[in-house]
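# Structure at a glance
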Amino acid sequence: MTLSVRIIPCLDVTDGRVVKGVNFTDLVDAGDPVEMAALYNLEGADELTFLDISASVAGRETTLDVVRRTAEQVFIPLTVGGGIRSVDDVNRLLRAGADKVSINTSAIARPELIAEIADRFGSQVLVLSVDARRARTESGFEVTTHGGRQSADMDALAWVEQACALGVGEILLNSMDADGTRAGYDIGMITAVRAVSKVPLIASGGAGSLEDFSAALDAGADALLAASVFHFGIHRIGDVKSYLGKHNYPVRQMAPH
Amino acid sequence: MIAILDYGSGNLRSAERAFATAGKDVIVTSDRAVALEAEGLVVPGVGAFAACMNGLNAVDGAAIVRERLAKERPTLGICIGMQIMFTQGTEHADGAPHAGIGVWDGTVSQLDAPILPHMGWNTVEAAPTSTLFEGVEGESFYFVHSYAAKKAVGTTQAWSTHGEKFLAAVEDGYISATQFHPEKSGVAGLALIKNWVGSL
């Protein structure tokens with residue numbers, strides 16, 4: 001009885017479609033989110049993450065509908081992030097069928113939001129998404145906003161420690177340097193964040209080769225998030241799980257159906 | 001008809017849809033009479049033990065569970081909905097225990113593990129006589145919790161481990177409970193739900 005490592009495909013959703021780019025730019029259409037969620041579920045995804053990158057109110061409403069339709073047919077955990085600014089926003093998403101929400105910019109602007117959400121719904125619904133990059137801060141890593149385009153003037157490790165104290169249940173660590181490059185997760189960053197946190201850690205940004213996934217686990221990640229390698233068919237989820245299983249990492253094997 | 005007790009916020013939609021796959025009508029309700037009369041009652045649970053009990057008390061949930069038990073009507077607790085079936089929980093900033101419904105005698109306390117919550121898919125060790133786990137004994141189920149009961153209660157137990165061994169599920173006559181989320185445990189979870197619905 002060992003907790004399995006989780007493989008989590010991330011779907012960046014805007015106006016009801018999945019898109020993917022490199023370093024959050026040059027977005028191309030990658031498919032229908034509900035269809036892709038159902039497919040990834042069949043392929044053995046352990047969780048799904050939707051990141052709503054819509055800029056408009058109408059786009060956000062569309063995402064609620066995508067969450068509803070996904071929750072009706074996919075019975076694995078679903079995390080939704082993007083544009084969440086209040087306890088009410090969280091409530092709407094949970095009621096639509098999300099199990100967890102991830103917050104980022106709004107928590108940087110107002111850290112008390114973390115405690116407000118955790119008090120109402122419990123820490124287990126709350127993922128802190130940290131877009132970090134290498135920089136000349138105390139730890140060598142800084143927090144960014146606007147998809148990595150702006151510095152938040154905060155040390156990444158100090159932010160993680162503060163957020164954990166306020167009550168986040170999980171950390172999604174996204175390397176802005178590695179995102180979309182398929183050159184590997186930022187192992188140094190994962191190691192550093194693992195050392196200062198006791199909640200589950202999801203590594204994100206840079207997954208390319210199968211060895212990249214195991215390297216992130218060795219650095220202390222509990223779960224592995226990837227987008228483009230799955231969307232563009234470079235690896236199937238089953239390939240990643242087979243590789244990890246063969247190398248003695250605990251993975252969930254699917255029931256035959 | 002299956003009733004899912006609505007006594008606070010959270011994702012009840014997944015539970016509603018998952019139980020509907022077993023072929024029964026499902027209603028999400030906070031109505032006392034509906035919850036009492038339903039063929040099967042599901043008590044979900046989100047948030048902390050104390051907050052969950054407060055929400056439950058607001059809809060007279062503890063009395064509903066006890067009355068159903070007395071009238072031999074099946075109830076299934078999920079996650080915190082399992083934990084609040086015990087006498088007490090220690091999920092408090094000061095560690096002081098908070099009273100649960102008390103169907104089972106025991107304390108729900110924090111898991112002794114380096115990483116919490118225990119979040120993700122884990123296997124369970126189920127008793128061969130289990131009804132819930134029939135056909136899915138070797139499967140993984142989705143857990144999200146930091147607290148658990150660690151001593152055997154009821155007639156049939158399933159165990160899992162995260163840092164230490166804890167109760168993953170209990171079957172005890174007309175009341176059953178799972179620490180994991182069957183409605184979020186994919187094909188294996190839906191099979192377990194079908195087993196429970198089939199036993200009603």
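Relevant structure appears above.
What this report covers is the structure whose coordinates are included nearby. Predicted model only: the values in this text are computed from it and were never measured.

Turning to the overall build of chain B, a few remarks are in order. Looking only at helices and strands, chain B features 6 helices and 14 strands. Computed over the C-alpha atoms, the radius of gyration of chain B is 15 Å, within 12% of the 16 Å expected from 2.2 N^0.38 for a compact globule of 200 residues. By its C-alpha atoms, chain B is 40 × 35 × 30 Å across when sized along the principal axes. Residues counted as buried form 57% of the 200 residues belonging to chain B. A fraction of 65% describes how many contacts in chain B between residues 6 or more apart in sequence connect residues 24 or more apart.

Residue and element names in this part refer to chain B. Strands sit in the order S6-S5-S7-S11 across an open sheet of 4 strands; the sheet is mixed. For this open sheet the edge positions go to strand S6 (98–99) and strand S11 (147–149), each flanked by a neighbour on one side alone. In this structure, strand S5 (residues 86–89) lies alongside S6, joined through 2 bridges in antiparallel fashion. Among the inter-strand pairings, Gly89 is bridged to a residue of S6, identified as His98.

This part is about unusual backbone geometry. The omega angle of the peptide bond from Leu116 of chain B to Pro117 of chain B is 0 degrees, so this bond is cis rather than trans. Structurally, the position occupied by Pro117 of chain B is in the loop between strand S7 (104–110) and strand S8 (118–123). We note that Asn248 of chain A has phi near 70 degrees; this positive angle belongs to a residue other than glycine. Secondary-structure assignment places Asn248 of chain A in the segment after helix H10 (237–246).

Here we take up helix H6 (residues 156–166) of chain A. Residues and elements named next belong to chain A. Ala156, Leu157, Trp159, Val160 and Ala163 are the residues of H6 that are buried. Summarising the axial view, the buried residues of H6 lie within an arc of 155 degrees, below the 170-degree limit, and thus occupy one face. Immediately downstream of H6, the backbone of Gly167 shows phi near 120 degrees, a positive value.

The next point concerns the interface of chain B and chain A. By a widespread convention, an interface's size corresponds to the accessible area lost as its parts come together. Counting residues at the interface gives 36 residues for chain B and 29 residues for chain A. If you list the elements that add at least two residues to the side of chain B that touches chain A, you get helix H1 (13–20), S8, strand S10 (140–145), strand S12 (156–162) and helix H6 (186–198) of chain B. The dominant element in the side of chain B that touches chain A, judged by the number of residues it contributes, is S8 of chain B, at 6 residues. Its residues assigned to classes, the side of chain B that touches chain A comprises 15 nonpolar, 15 polar and 6 charged.

This part takes up the pairing of strand S13 (residues 164–172) of chain B. Residue and element names in this part refer to chain B. Both S12 and S13 contribute to a ladder of 7 bridges, which runs antiparallel. By the bridge assignment for S13, His162 is matched with Glu164. In this antiparallel pair of consecutive strands, S12 and S13, the connection spans 1 residue, and Gly163 shows a positive phi of 80 degrees. Across 4 bridges, the pairing between S13 and strand S14 (residues 175–178) is antiparallel. Bridge pairing links Val170 to Ala177 in S14.

What counts, and at which threshold
- Residues numbered from 1 in each chain as written.
- Chains lettered and ligands numbered in written order.
- Predicted model: local features only at pLDDT ≥ 70, side-chain atom pairs only at ≥ 80, totals over all residues.
- Helix = DSSP H or I, 4+ residues; strand = E, 2+ residues; numbered from the N terminus.
- Rg over C-alpha atoms; globule rule 2.2 N^0.38 Å.
- Buried ≥ 20, exposed ≤ 12 C-beta atoms within 10 Å, placed from the backbone.
- Contact = placed C-beta atoms within 7 Å.
- Pairing = 2+ DSSP bridges.
- Arc of directions from axis to C-beta.
- Nonpolar A, V, L, I, M, F, W, Y, C, P; charged D, E, K, R; others polar.

That's the geometry; what it means functionally is another story.
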